[in-house]
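# Observations on the model geometry
One-letter residues, chain by chain:
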Amino acid sequence: MDLTLTPAEMGLPPDRFPEWRPHQLLPIQACLNSKKKYFLLNAPTGTGKSLCAWSVITASGQRGLVNTVRRNLQLQYLQLPDTDYLWGKHNERCYLWPDDFDVESAPCSIGVACNARTQCPYFVHREQARRARILVSNYYMTLYEANYVGHWTTGREWGICDEAHHIEDVLVDFVALNLRKRRVTEFLAWPEDAETLTAWMMWANNAYPLLESEWRGRRAGFNFDKITDAAKMDLGQVTAYRQFQRLTRLKQTVEGLQKCDMNWYLESGYGGVTIKPLWGAPFSHFLFDHFERVLAMSATLLRGEFAARIMGVNPDDTEYMETKSIFPIENRWVYYYPIANMALSKRAESFPKVLRAIDMILARYPAGRGLIHAHSYSLAQDIYEASVYGKRAGKDARMFMHEPGGTGTAEAVERMLHDPRPLVAVSPNLSEGVDLPGRLSFQILPVVPWPSLGDIRVRLRLEAAPAWYSYQTAMNFAQAVGRGVRTPTDKVYSYVLDSQFGRFFHQAKSFFPSHLKESIRWPSKE
């Protein structure tokens, strides 16, 4: 079908969307005309992916559910007409027991009758949101709702998967089994051998009958079926209910553990273990089976067939499209300077050379802000402490680090957005999900962003599918470079200093999108 309606005729504000631009119209029409269930769109920053998704649903005359990872992207969708949101129950407090429960763990979550739903802000808004033609949520809530509840995912023909390069990790996390020692030992003995998957699977087979018996006994004792109004529960019942709920969750986890096989792996951590599948693809049905059509979009959804297999969809039922960058190429050059080999085995001798190059680049931009994508905290620390623009400069330092974790990352972004000084952030955590329009002049990649071999999942995947390692590295690289130019007026150059990049690119160039390949400036052969 051809999209003959103007943006205004589709209900979009004419001052913001006076007409379709070619880079918007082409993917919209291609998706609408596709005969495949899955349409994978690799579109760089500035394409207007959220507008494309909204237009596809609207032009089809159907209803859709948009999934994202980041809240700020969800808010972006909500600026479009006939769109509403639904976020997780854990974000809202129970109307009757606000000091004791969020909505996710409230008594109504296991069937206790509640006469206050017509007053509960969460359920009032949920009923309102169900009526919206386009509903916006996050992947985790969609997966839970679609597979265990089904109130608002049914009857929506289109599944929109924005930030689609995260889908595989989302699926892995959705089915992951978390066993915390504090929770397990409330009801069972912690296994003597807690460091191997085989030991945990044997433990689960022995533990489940005990848990099932305990669960049935407590359920009968609690007798929540006879509670006709959650508002009339007393404190003793609330306490018993909370413990019963913990027992229910542990029972479900152990039941899942019985179904594991050797394609899963174990991660030991503080306070317990997490057991995950090596790949998310076998669990893609939890997401995709609930929709007739799927539009999956990302700026780093690289190489169609490979991306489809990673996501767990049939390549024969998939159409892939890659769009061009709308930003002038002269504003987004990526300069490759093979200064030194930054492999761990050679880093000690290479680091001084790379550091001198970093300081020279900063000197070239005395009034410019920049990002240094260090890819690890240890390398970020080394750069910050050794650079003449870092710790050595004292109170006059342009360069800064941030504390690990989400709070530290958010604070770094705030500094880059609002501090008027020409700051340079050196960090391993600013390569994705960071938007600094009009604030950057340059970026530096001192090392190729290989996935860390210190991560057990990375090692197992590299052994099982070596091509995945190249795919993930290319994705990491594209994400980092993508932090630069965010608007048509931005001019941000990126500098790659690791001499490993040349060989890697030529081995894995099929994974790189065209708009990125065309922007790389190679060293002169003269």
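See the structure above.
Keep in mind the model is a prediction, meaning the values are calculated, not measured. (Residues numbered from 1 in each chain as written. Predicted model: local features only at pLDDT ≥ 70, side-chain atom pairs only at ≥ 80, totals over all residues. Heavy atoms only, no water.)

## Re the overall build of the protein
For clarity, the cut-off: The numbering of helices and of strands both runs from the N terminus, where a helix is a DSSP run of H or I of at least 4 residues and a strand a run of E of at least 2. With the radius of gyration taken over C-alpha atoms, the globule rule is written as 2.2 Å times the number of residues to the power 0.38. Under the scheme applied here, a residue whose accessible area is under 20% of the maximum for its type counts as buried, over 50% as exposed, and between as partly exposed, the area being computed with a 1.4 Å probe on protein chains only. Note on contacts: a residue pair is in contact if any heavy atoms of the two residues lie within 4.5 Å. In this charge count, Lys and Arg are treated as positive and Asp and Glu as negative; neither His nor the chain ends contribute. By convention, the point assigned to a charge is CZ for Arg, NZ for Lys, CD for Glu and CG for Asp.
Within the protein one finds 18 helices and 17 strands. For the protein, the C-alpha radius of gyration of 26 Å lies close to 24 Å, the compact-globule estimate for 526 residues. The dimensions of the protein, computed from C-alpha atoms along their principal axes, are 85 × 65 × 50 Å. Taken over 526 residues, the protein has a buried fraction of 53%. The long-range fraction of contacts in the protein, counting pairs at least 24 apart against all pairs at least 6 apart in sequence, stands at 77%. With 61 positive and 56 negative side-chain charges, the protein shows a spacing of 3 Å between the two charge centroids.

## Some words on the sheet that holds strand β5 (residues 158–161)
In plain terms, the rule: When DSSP finds two or more bridges between a pair of strands, those strands are recorded as paired. Whenever a helix is involved, its axis is fitted only over the stretch in contact; in every case the axis is a line through C-alpha atoms, and angles between N-to-C directions fall within 0 to 180 degrees.
Across the sheet, which stays open at both edges, the seven strands sit in the order β3-β4-β2-β5-β9-β1-β10 with parallel pairing between neighbours. The open sheet has two edge strands, β3 (83–85) and β10 (318–322), and neither has a second partner. Neighbour to neighbour, the strand axes of the sheet diverge by 20 degrees on average, direction disregarded. Contacts between helix α4 (residues 121–130) and the sheet are confined to β3 and β4 (134–138), with β3 contributing the most and set at about 150 degrees to the helix.

## Overview of the packing of helix α16 (residues 466–481) against helix α17 (residues 500–508)
Where we set the bar: Handedness of a helix crossing follows the sense of rotation of the near helix relative to the far helix, less than a right angle counterclockwise being left-handed and clockwise being right-handed. We call Asp, Glu, Lys and Arg charged. Ala, Val, Leu, Ile, Met, Phe, Trp, Tyr, Cys and Pro are nonpolar, and the rest, Gly among them, are polar.
Relative orientation of the contacting elements α16 and α17 amounts to 115 degrees, with a least axis distance of 11 Å. Along this stretch, α16 crosses α17, giving a crossing that reads as left-handed. Residues Ser470, Thr473, Ala474 and Phe477 of α16 pack against Phe501, Phe504 and Ala508 of α17. Residue composition of the contact of α16 with α17, grouped by class: five nonpolar, two polar and no charged.

## What about the sheet that holds strand β16 (residues 493–498)?
Pairing is parallel across the open sheet formed by seven strands, whose spatial order is β13-β14-β12-β15-β16-β11-β17. On the outer flanks of this sheet lie β13 (399–400) and β17 (520–521), each paired with one strand and no other. Of the strand pairs in this sheet, strand β15 (residues 442–445) and β16 are connected by four bridges, and their pairing is parallel. When the bridges of β16 are listed, glutamine 443 appears paired with serine 494. The strands touched by helix α13 (residues 377–386) within the sheet are β12 (370–373), β13 and β14 (424–427), with β14 carrying the most contacts at an inclination of about 145 degrees.

## With respect to the pairing of strand β11 (residues 334–340)
Every regular strand shows the same layout, with side chains that alternate between the two sheet faces. Pairing between β11 and β16: four bridges, direction parallel. If you follow tyrosine 336 over to β16, its bridge partner there is valine 496.

## A short note on the packing of aromatic side chains
Here is the rule: The rule is short: rings of Phe, Tyr and Trp, with Trp giving its six-membered ring, pair when the centres are within 6.5 Å, and they are stacked under 30 degrees, edge-to-face over 60, tilted in between.
Per the counting criterion, the structure on display carries 33 aromatic pairs. Relative to phenylalanine 288, the ring of tyrosine 38 lies with its centre 5.5 Å away and its plane at 80 degrees, an arrangement referred to as edge-to-face. On the criterion of sequence distance, the pair formed by tyrosine 38 in strand β1 (residues 38–42) and phenylalanine 288 in helix α10 (residues 285–288) is long-range, its members being 250 residues apart. The pair formed by tyrosine 38 and phenylalanine 288 is uniform in burial state, with each residue classed as buried. Judged by centre distance (6.0 Å) and plane angle (15 degrees), the rings of phenylalanine 501 and tryptophan 522 are stacked. One end of the pair, phenylalanine 501, is in helix α17; the other, tryptophan 522, is in the segment after β17, with 21 residues separating them in the sequence. According to the relative accessible area criterion, phenylalanine 501 is buried, its value standing at 1%. Exposure remark for tryptophan 522: the relative accessible area of 35% places this residue in the partly exposed category.

## Focus on unusual backbone geometry
Even without being glycine, aspartate 82 reaches a positive phi, approximately 55 degrees. Mapped onto the fold, aspartate 82 is located in the loop between α3 (71–77) and β3. Residue class for aspartate 82 comes out partly exposed when judged on its relative accessible area of 39%. Although it is not a glycine, histidine 375 sits at a positive phi angle of roughly 75 degrees. Summarising the element assignment, histidine 375 is placed in the loop between β12 and α13.

## Side note on the side chain of aspartate 419
Defined as follows: Distance and chemistry together define a polar contact, namely a pair of N or O atoms within 3.5 Å, with one atom able to donate a hydrogen and the other to accept it when in protein, and with adjacent residues in sequence counting only for side-chain atoms on both sides.
Structurally, the position occupied by aspartate 419 is in the loop between α14 (406–418) and β14. Taking relative accessible area as the criterion, aspartate 419 reaches 16% and is therefore assigned buried. Polar contacts involving the side chain of aspartate 419 include one to the side chain of arginine 421, which spans 2.7 Å. When sequence neighbours within four positions are dropped, the list of residues in contact with aspartate 419 reads Arg369, Glu414 and Arg439.

## A word on the pairing of strand β2 (residues 64–68)
Most of β2 is tucked away: five of the five residues are buried. Neither face of β2 is left uncovered, since the one carrying Gly64, Val66 and Thr68 and the one carrying Leu65 and Asn67 both have all their residues buried. Across five bridges, β2 lies against β4 in parallel orientation. The residue bridging valine 66 from the neighbouring strand is valine 136, located in β4. As judged from the four bridges shared by β2 and β5, these two strands associate in the parallel manner.

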